[in-house]
Amino acid sequence: MIQMLILDIIVTFAQELMEFIDDVGDFFSGFFSGIHSFLNRFMADEALLMFGILLAAIIAIFIFRLIINKR
């Protein structure tokens, strides 16, 4: 009896966790889709890709400098 209750709790938690992960994924998908649609009015996809790569490189350099300066 207690094992079924524990199993029920675990299954419910897993289902709620998967729904939460799906909701977060939908939020970020909609968020980035909206940003892309807005920016696509002003520049082409190639320019957006270039700025995205540039932003990722700047963030990587910033994180790398933070790690190096910690020592």
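Presented here is an overview of the structure given in this document. (Residues numbered from 1 in each chain as written. Predicted model: local features only at pLDDT ≥ 70, side-chain atom pairs only at ≥ 80, totals over all residues. Heavy atoms only, no water.)

A look at the overall build of the chain
Here is step 1: A tally of helices and strands in the chain yields 2 helices and 0 strands.
Here is step 2: Scaling as 2.2 N^0.38, a compact globule of 71 residues should have a C-alpha radius of gyration of about 11 Å, whereas the chain reaches 21 Å, well beyond that.
Here is step 3: Dimensions of the chain, computed from the C-alpha atoms along their principal axes, are close to 60 × 45 × 10 Å.
Here is step 4: Classification of the 71 residues of the chain by burial places 1% in the buried group. (Helix = DSSP H or I, 4+ residues; strand = E, 2+ residues; numbered from the N terminus. Rg over C-alpha atoms; globule rule 2.2 N^0.38 Å. Buried < 20%, exposed > 50% of the residue type's maximum accessible area, 1.4 Å probe, protein only.)

Here we look at a negative patch on the surface
Here is step 1: Residues E16, E19, D22, D23 and D26 make up a contiguous surface patch of negative charge.
Here is step 2: Along the chain, D23 falls in helix α1 (residues 2-40).
Here is step 3: We classify D23 as exposed; its relative accessible area is 51%. (Patch = residues over 30% accessible without salt bridge, like charges linked within 9 Å, V, L, I, M, F, W, Y side chains within 5 Å. Areas by Shrake-Rupley, 256 points an atom, 1.4 Å probe, with all protein chains shown as cover. Salt bridge = Lys/Arg side-chain N within 4 Å of Asp/Glu carboxyl O. Lys, Arg positive; Asp, Glu negative; His and termini not counted. Charge placed at Lys NZ, Arg CZ, Asp CG, Glu CD.)

Examining a nonpolar patch on the surface
Here is step 1: A surface patch of nonpolar side chains, about 1100 Å² in accessible area, is lined by F13, L17, M18, F20, I21, V24, F27, F28, F31, F32 and I35.
Here is step 2: Structurally, M18 is set in helix α1.
Here is step 3: The exposure class of M18 is partly exposed, given its relative accessible area of 48%.

Things to note about the packing of aromatic side chains
Here is step 1: All told, the structure shown has 5 aromatic pairs when counted by the stated rule.
Here is step 2: Centroid distance F28 to F32: 6.2 Å. Interplanar angle 20 degrees. Geometry classified as stacked. In this pair, F28 and F32 are both assigned in helix α1, 4 residues apart and thus about one turn of the helix distant.
Here is step 3: Among the aromatic residues, those joined into a ring-pair cluster are F27, F28, F31 and F32. (Phe/Tyr/Trp six-rings, centres within 6.5 Å; stacked < 30°, edge-to-face > 60°.)

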